[in-house]
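Residue-level structural notes
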Amino acid sequence: MSDRVIIFDTTLRDGEQSPGCSMNTAEKLEVALALVELGVDVIEAGFPIASPGDFEAVQTIARQFGDRGPKICGLARCREEDIDRAGSALQDAQNKRIHVFLATSSIHRQYKLKMDKAEIVQKAVESVARAKAFCDDIEFSPEDAARTELDFLCEVVEKAIAAGATTVNIPDTVGYATPSQYFHVISHLKKNVSNIARAVISTHCHDDLGLAVANSLAGLEAGARQVECTLNGLGERAGNAALEEIVMALRTRQDHYNLTTGINTKKLCAASRLVSTITGMIVQRNKAIVGQNAFAHEAGIHQHGMLQERTTYEIMRPEDVGFTGSNLVLGKHSGRHAFRDRIVQLGYQLDERTFEKVFDDFIALCDKKKNVYDADIVALVENRSTEAPDRWKLATLHTSAGTGSIPTATIQLHEDGQPIVCDAAIGDGPVDAVFNALERITGISARLQNYQVRSLSVGKEAQGEVLVEIVHNNHVFHGKAASTDIIEASAQAYLKALNKAAANRHTQKPLHAQHE
Ligand SMILES: [Zn+2]
């Protein structure tokens, strides 16, 4: 039994399928690069038949990263056209895998597929064999495995391996399993599938009961050697098993699990931040490993203990996961060199042009606030590095508001190669007035679904970070921005979301209901 666990990341497929988390190809490439640097073993890059956009993303990732280490994987239902599409998207990758899935539980057989057991087995076998024509590495998933009769599950898995599947994934698609039950399912397969030694058993657990990570770890204890997971636990409904939690549980409790991964844990926080920025899904403060409070010790007795000896209350060192709290680091007199060092420590690699822009922003920020914290620097970098070629950019903003007056906003925008455009609007408050003015200028009307302001660091001069979520043409778009002026941050965030809506590169994905 190997002690090495294969980390199969599905942030770009399962994670991307969660509402409002759609990413365009450029964004997917950024995440793929972070996954390569993190050292994951398999990147599930998408579901090529779902839409032309998905196909393009898988193809582009396969071309750019298909010889850089991780295997690039494409998902397909057990249908000829799905498998061929996945095969063609992965054509240019050296390291590749096709992942085929078919539901096996009685409820799915009866209501969704309307197929009997024999038909399911036949379809699975045919599909694995068809995929095998494109590459050697084939993963088979009996969807809703955790609710499938064990005898039948063994039969399907055995036939799929015989047909050439090299990984068999046992998804708890609906998040219904419990750790001991899931342990039992994996153990049962190990004992009762005659050819199980020819394939790697994989876990894929959803978090509907908050058990995704616990179930995945139970699966590993039972003999699974691949974990499917996502950064920040992104995924359908309550999400998937969080990569960072699985990896750090295995590492911190090596004494118990005796398993290792190939993950460079120092990159975990940076990868988590990148996914949060791109998807607009904020990581909760008390999230394990990557949350803002994950390493905060507030209680006096804990702080005292920590000062004497860190390990009294600390089971992991923040630096091991690349964690950066609200440490006071830089100010007006910190030079270019110190600033560059800090950016590298925070896990970013900026080209010279972007670095200069971020440094200018830093100097400007130092004029507004005395102390610049890590969180401020992260916001500055993200503001610049996620700068898509936006159609509109904010030129000037003026608002007036107060008790007994009508809140008003006047805005000027730069539009690609056009003269500056200007308009004004009123609203219920200054933020509402700003949003109305932006909609007047861009001609895009949207419904505001979520609006959040939070402080990035401490003190009255802290930058405010604004997150907006809008709905336009039945699509959800996110925007995030930070500034010491929350009205300006609101304008920038809303404009980012409107720019995404204008680009609307996200084609409809009619297959979103299909999922394992
Ligand atoms: Zn899933």
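Note that this is a predicted model, so its numbers are computed, not measured.

The tally for this structure, following the rule as stated, stands at nine aromatic pairs. Members of the aromatic cluster, each reached through a chain of ring pairs, are Phe339, Phe355, Phe359 and Phe362. Taking NZ or CZ as reference, Arg85 lies 3.9 Å from the ring centre of Phe55, over its face. Between Arg340 and the ring centre of Phe355, over which it is positioned, the NZ or CZ distance is 4.1 Å.

With a phi close to 55 degrees, Asn258 is a non-glycine residue in the positive phi region. By secondary structure assignment, the location of Asn258 is in the loop between α11 (254-257) and α12 (268-279).

Moving on, we get to the sheet that holds strand β13 (residues 421-426). The strands that make up a sheet pair up through hydrogen bonds in the backbone, lying either parallel or antiparallel. The three strands are arranged β11-β12-β13 in an open sheet whose pairing can be described as antiparallel. Either end of the sheet is taken by a strand with one partner, and the two such strands are β11 (392-400) and β13. Direction aside, the axes of adjacent strands within the sheet are offset by 20 degrees on average. In the sheet, β11 pairs with strand β12 (residues 408-415) via eight bridges, with the strands oriented antiparallel.

Compared with the 20 Å implied by 1.5 Å per residue over 14 residues, the 20 Å span of helix α7 (residues 150-163) between its first and last C-alpha is a close match. Taken as a whole, α7 has its buried residues at Phe152, Leu153, Cys154, Val156, Val157, Ala160 and Ile161. On its buried face, α7 is in contact with α5 (106-113), α6 (117-132), β5 (138-143), β6 (167-172) and α8 (179-192). Phi turns positive one or two residues past the end of α7, at Gly164, with a value near 125 degrees.

To continue, consider the environment of Ala118. Within the secondary structure, Ala118 is located in helix α6. For the pair formed by Ala118 and Val156, sequence separation is 38 residues and the distance between their alpha carbons is 9.4 Å.

As a further point, take the sheet that holds strand β4 (residues 96-103). The strand order around the closed barrel built from eight strands is β1-β2-β3-β4-β5-β6-β7-β8, with neighbouring strands paired in parallel fashion. Strand-to-strand twist across the sheet, computed as the mean angle between neighbouring axes with direction ignored, equals 25 degrees. Pairing geometry for strand β7 (residues 200-205) and strand β8 (residues 226-229), over three bridges, is parallel. Looking at β8, one finds that Thr203 is bridged to Val227. Docked against the sheet, α8 engages β6 and β7, running at close to 160 degrees with respect to β7.

Right, let's get into the packing of helix α2 (residues 25-38) against α12. Packing of α2 against α12 leaves a shortest axis separation of 10 Å and a crossing angle of 170 degrees. Our classification of the angle between α2 and α12 gives roughly antiparallel. Between α2 and α12, the residues in contact are Glu27, Glu30, Val31, Ala34 and Leu38 and Leu268, Ala271, Leu274, Val275 and Ile278, respectively. In terms of residue class, the contact of α2 with α12 is built from eight nonpolar, no polar and two charged.

The N-to-C vectors of α7 and α8 enclose an angle of 55 degrees; their axes lie 10 Å apart at closest approach. Judged on the interaxial angle alone, α8 and α7 are oblique. Our pair here, α7 against α8, has a crossing hand that is right-handed. Side by side, α7 and α8 meet where Leu150, Asp151, Leu153, Cys154, Val157 and Glu158 of the first sit next to His184, Val185, His188, Leu189 and Asn192 of the second. Here the contact of α7 with α8 is composed, by residue class, of six nonpolar, three polar and two charged.

What follows concerns the nonpolar core. In globular proteins that are soluble, nonpolar side chains generally tend to be buried together. With 95 residues, the main nonpolar core has Leu38, Val100, Phe140, Val157, Ile170 and Leu243 as its most contacted residues. Once residues within four sequence positions are removed from consideration, Ile170 is found in contact with Pro142, Ala145, Leu153, Val157, Tyr182, Val185, Ile186, Leu189, Ile201, Ser202, Thr203 and His204. Judged by nonpolar contacts, the second largest core, of 29 residues, contains Leu413, Ala425, Ala437 and Ile470.

Attention now moves to the confidence of the model for the chain. Caution applies to low-pLDDT regions: their predicted coordinates should not be interpreted in detail. For the chain, per-residue confidence averages 89 on the pLDDT scale, and residues scoring 70 or more make up 93% of the total. Across residues 506-514, where pLDDT falls below 50, the model places 28 contacts with residues more than four positions away in sequence or in other chains.

Before going further, it helps to examine the pattern of salt bridges. Opposite charge on two side chains allows them to pair when their charged atoms are near. Taken as a whole and assessed by the stated rule, the structure comprises 29 salt bridges. Put simply, Asp137 and Arg97 hold a salt bridge, and the shortest N to O gap is 2.7 Å. Placement of Asp137 in the loop between α6 and β5 and of Arg97 in strand β4 is noted, with a sequence separation of 40 residues between them. For the residue pair Asp137 and Arg97, the accessibility class agrees, reading buried in each case. For Lys159, the salt bridge identified is with Glu155, shortest N-O distance 3.8 Å. Placement of both Lys159 and Glu155 in helix α7 is noted, with a separation of four residues, approximately one turn of the helix. Note on Lys159: relative accessible area 38%, which makes it partly exposed. Under the relative-accessibility criterion, Glu155 is labelled partly exposed at 34%. Each of Lys71, Arg97, Asp137 and Glu139 takes part in salt bridges that share partners, so that together they form one network.

Let us look at the side chain of Thr104. Considering the arrangement of structural elements, one finds Thr104 in the loop between β4 and α5. Of the residues examined, Thr104 reaches a relative accessible area of 0% and is grouped as buried. Among all residues touching Thr104, those that are not within four sequence positions of it are Arg109, Ile120, Pro142, Glu143, Ala145, Thr148, Glu149, Phe152, Leu153 and Val156.

So, how was this worked out
- Residues numbered from 1 in each chain as written.
- Predicted model: local features only at pLDDT ≥ 70, side-chain atom pairs only at ≥ 80, totals over all residues.
- Heavy atoms only, no water.
- Phe/Tyr/Trp six-rings, centres within 6.5 Å; stacked < 30°, edge-to-face > 60°.
- Lys NZ or Arg CZ within 6 Å of the ring centre and 35° of its normal.
- Helix = DSSP H or I, 4+ residues; strand = E, 2+ residues; numbered from the N terminus.
- Pairing = 2+ DSSP bridges.
- Axes fitted to C-alpha atoms, helices over the stretch in contact; angles between N-to-C directions.
- Expected span 1.5 Å × (residues − 1).
- Buried < 20%, exposed > 50% of the residue type's maximum accessible area, 1.4 Å probe, protein only.
- Contact = heavy atoms within 4.5 Å.
- Parallel < 35°, antiparallel > 145°, perpendicular 65-115°, else oblique.
- Nonpolar A, V, L, I, M, F, W, Y, C, P; charged D, E, K, R; others polar.
- Left-handed = near helix turned anticlockwise from the far one by under 90°.
- Core = buried A, V, L, I, M, F, W, Y, C linked by side-chain atoms within 4.5 Å.
- pLDDT = per-residue confidence, 0-100.
- Salt bridge = Lys/Arg side-chain N within 4 Å of Asp/Glu carboxyl O.

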